[in-house]
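# A closer look at the structure
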Amino acid sequence: MRVIAGTYKSRILKSLKGLALRPTSDRLRETLFNVLAPNIAGSRFVDLFAGTGAIGIEALSRGAAEVVFIENHAPAATLIRRNLESLGVNTGVTVLAVDALRGLAMLAARKNSGAPAFDHIFLDPPYAAAADYARVLKFLGSADLLVSGGIIVAEHRRKFDLPEIAESLRRFRVLKQGDAALSFYRSSGAAAEESDSAE
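Notes on the structure in this doc start here. Please read these numbers as outputs of a predicted model, since none were measured by experiment.

Below, the discussion takes up the side chain of Glu-58. Of note, Glu-58 is situated in helix H2 (residues 54-61). The exposure class assigned to Glu-58 is buried, which follows from its relative accessible area of 0%. Setting aside chain neighbours within four positions, we find Glu-58 in contact with Val-3, Ile-4, Ala-5, Arg-29 and Phe-33.

Bringing helix H4 (residues 100-112) into the picture now. An ideal rise of 1.5 Å per residue puts 18 Å on 13 residues; H4 measures up with 18 Å between its terminal C-alpha atoms. Listing the buried residues of H4 in full gives Ala-100, Gly-103, Leu-104, Leu-107 and Ala-108. For H4, the buried positions fall inside an angular range of 140° around the axis, keeping them on one side. Looking at H4, the residues exposed on the side facing more than 90 degrees away from the buried face are Arg-102 and Asn-112. For H4, the elements touching its buried residues are strand S1 (44-48), strand S2 (66-70), strand S3 (93-96), strand S4 (118-123) and helix H5 (130-142). The residue sitting at the N-terminus of H4 and contributing the capping side-chain oxygen is Asp-99; that oxygen lies 3.0 Å from the backbone nitrogen of Leu-101. A positive phi of about 110° marks Gly-114, the residue just after H4.

The next thing to look at is the environment of Ala-37. Its location among the elements puts Ala-37 in the loop between helix H1 (26-36) and S1. Spatially, the C-alpha atoms of Ala-37 and Ala-74 are 30 Å apart, while their sequence positions differ by 37 residues.

What follows concerns the pairing of strand S7 (residues 169-177). Two strands pair when backbone bridges link them, and strand S6 (residues 165-166) and S7 are joined in this way by two bridges, in the antiparallel orientation. Note that in S7 the partner of Ile-165 across the bridge is Arg-170. Where S6 folds back on S7, the antiparallel hairpin that results is connected by two residues, among which Glu-167 adopts a positive phi of roughly 55°. Strand direction decides the pairing type here: S7 and strand S8 (residues 180-187), joined by eight bridges, are antiparallel.

Turning our attention to the packing of aromatic side chains. For any pair of aromatic rings, the description consists of the separation of the ring centres together with the inter-plane angle of the planes. A complete count under the given rule lists three aromatic pairs for this structure. Ring centres 5.5 Å apart and planes at 50° place the aromatic pair Tyr-133 and Phe-160 in the tilted group. Of this pair, Tyr-133 sits in helix H5 while Phe-160 sits in the loop between strand S5 (146-157) and S6, and the two are 27 residues apart along the sequence. When the ring centre of Phe-172 is taken as reference, the NZ or CZ atom of Arg-186 above it lies at 4.0 Å.

The rules behind these values
Residues numbered from 1 in each chain as written. Predicted model: local features only at pLDDT ≥ 70, side-chain atom pairs only at ≥ 80, totals over all residues. Heavy atoms only, no water. Helix = DSSP H or I, 4+ residues; strand = E, 2+ residues; numbered from the N terminus. Buried < 20%, exposed > 50% of the residue type's maximum accessible area, 1.4 Å probe, protein only. Contact = heavy atoms within 4.5 Å. Expected span 1.5 Å × (residues − 1). Arc of directions from axis to C-beta. Polar contact = N/O pair within 3.5 Å; in protein donor to acceptor, adjacent residues only side chain to side chain. Pairing = 2+ DSSP bridges. Phe/Tyr/Trp six-rings, centres within 6.5 Å; stacked < 30°, edge-to-face > 60°. Lys NZ or Arg CZ within 6 Å of the ring centre and 35° of its normal.

Take it as geometry only, folks, not as evidence of what the structure does.
Now the structure itself:
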């Protein structure tokens, strides 16, 4: 698994052996960042259910100012730290080895203390964990973690459809690729009335 573009382009990232993690495919990662690219430089990014950290590291490679990795699986959190060390990244990153909702609550508390909001939040729970999508989207739809116009992206199984609306969030785009899909959300005040689908 390699970084696709930016400062760390072609650098190899380690993964865990076995089926403990399901990293986002290179092709889907490239599709995601083709969409987000114009707004990545200088942005603040959350990689939720971070796994190997490949999504957040890609954001860093493309110029994100800060990335928070939230990963509850201890070996995976250790792996993220090792991947960051191998790239020589030691500033602008935080690894929270906690449950997704606990990590988000920590970020919400940090924001309430004056920390800046985030531009992008990416979530990729285990495909089988349907309840995780619902509870995290509900939390994000009621929390105030995003800047105005900020985007939440959920990776999910192509045949598993996520809700159009979650609290204040409204889905405005779906990209499908192979067996996977990306659903894009904005706060309903900022959501454009559009619906795109790419095969």
